[in-house]
Amino acid sequence: MKEKISVLISEEEIERRVCEIAKQISEDYAKKEVVLICVLKGSIFYTCDLAKRLTIPVTLDFMKVSSYGSGTVSNGAIEIQKDLEESIEGQDVIIVEDIIDSGNTLNHLVSMLKRRNPASLRITTLLDKPSRREVEVPVDYVGFEIEDKFVVGYGLDYDQSYRDLPYIGELHL
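All values reported here derive from a predicted model rather than from experimental measurement.

Participant: Break down the overall build of the protein chain for me, with residues and values.
Facilitator: Helices and strands together make up the secondary structure of the protein chain, namely three helices and nine strands. In the protein chain, the succession of α and β elements from N to C terminus is β-α-β-α-β-β-β-α-β-β-β-β. For 173 residues, the compact-globule estimate of 2.2 N^0.38 gives 16 Å, and the C-alpha radius of gyration of the protein chain, at 15 Å, lies within 12% of that figure. Counting contacts in the protein chain only where the partners sit at least 6 residues apart, residues at least 24 apart contribute 67% of the total. Entry remark: accessible area of the protein chain is about 8,700 Å², with carbon and sulfur atoms responsible for 46%. Across the protein chain, the mean location of the 21 positive side-chain charges is 1 Å away from that of the 31 negative side-chain charges.

Dropping the structure here:
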């Protein structure tokens, strides 16, 4: 490991916030079932922890959308690498993101999913970087707002490394 990582958000802080978001979603969707769309790969830890804490019926589906490649800054090109396996027509859907940076990827994804006629479409993100926003997207449930730092851990990676860290850390190259 040649990179240095400093803890930005602890495992305990993440756990506490995920529980709070799960409680809010469970209240907002009382007596309903929701489809969580996990945006791979970074959102897998957040999606699983969130799903386990919801008190409403939930199903999971997965999409893989890329705009980063192996760098630390979005290259702007949006690519759908894996699409949903099930229809979301008439379903209450929550997109689960790991981090919202420029907003370009999520804006594209929301536009695409709205054309599939879900009953509702909301967004939750573990991390939000509003200072990097190029396109505004309506985020309904935010875990943490962070400064413009490159972060890893809890699903987020740098060139496929560090996803397994139980905390969010700032990567110092």
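Once you've had a look at it, read on.
Participant: Summarise the pairing of strand β5 (residues 92-100); cite the residues concerned and give the values.
Facilitator: Along β5, nine of the nine residues are buried, which leaves the element largely enclosed by surrounding structure. Sheet analysis places strand β2 (residues 34-40) next to β5, joined by five bridges and oriented parallel. Residue leucine 36 lies in a different strand from β5, and its bridge partner there is isoleucine 94. As defined by bridge partners, β5 adjoins strand β6 (residues 120-128) across eight bridges and the pair is classed as parallel. Residue pairing for β6: isoleucine 99 is matched across the bridge by leucine 127.

Participant: Break down the pattern of salt bridges for me, citing the residues and quoting the values.
Facilitator: Counted under the stated rule, the structure contains 15 salt bridges. Measuring nitrogen to oxygen at the nearest pair gives 3.4 Å for the salt bridge that ties lysine 52 to aspartate 49. Placement of the pair is lysine 52 and aspartate 49 together in helix α2 (residues 44-53), with a separation of three residues, close to one helical turn. Relative accessible area serves as the criterion here: at 62%, lysine 52 is assigned to the exposed category. What makes aspartate 49 buried here is its relative accessible area of 16%. Residue lysine 82 pairs with glutamate 85 through a salt bridge whose shortest N-O separation is 3.5 Å. Residue classification places lysine 82 among the partly exposed positions, given a relative accessible area of 24%. On the basis of relative accessible area, glutamate 85 is assigned to the exposed category, the value being 63%. Because the salt bridges share partners, they merge into one network encompassing Glu15, Asp49, Lys52 and Arg53.

Participant: Any details on the sheet that holds β2? Residues and values, ideally.
Facilitator: The strand order across the open sheet formed by six strands is β4-β3-β2-β5-β6-β7, and the pairing between neighbours is mixed. Unpaired on one side and paired on the other, β4 (79-82) and β7 (141-145) mark the two borders of the sheet. Between one strand and the next, the sheet's axes are offset by a mean angle of 30°, whatever the strand orientation. Note that strand β3 (residues 58-66) and β4 share three bridges and pair antiparallel. Looking at the pairing, valine 65 lines up with isoleucine 80 of β4. Across the sheet, helix α1 (residues 11-28) lies against β5, β6 and β7, angled at about 160° from β7, the strand it touches most. Sheet strands touched by α2: β2, β3, β5 and β6. Its angle to β2, the strand with the most contacts, is close to 160°.

Criteria and cut-off values
- Residues numbered from 1 in each chain as written.
- Predicted model: local features only at pLDDT ≥ 70, side-chain atom pairs only at ≥ 80, totals over all residues.
- Heavy atoms only, no water.
- Helix = DSSP H or I, 4+ residues; strand = E, 2+ residues; numbered from the N terminus.
- Rg over C-alpha atoms; globule rule 2.2 N^0.38 Å.
- Contact = heavy atoms within 4.5 Å.
- Areas by Shrake-Rupley, 256 points an atom, 1.4 Å probe, with all protein chains shown as cover.
- Lys, Arg positive; Asp, Glu negative; His and termini not counted.
- Charge placed at Lys NZ, Arg CZ, Asp CG, Glu CD.
- Buried < 20%, exposed > 50% of the residue type's maximum accessible area, 1.4 Å probe, protein only.
- Pairing = 2+ DSSP bridges.
- Salt bridge = Lys/Arg side-chain N within 4 Å of Asp/Glu carboxyl O.
- Axes fitted to C-alpha atoms, helices over the stretch in contact; angles between N-to-C directions.

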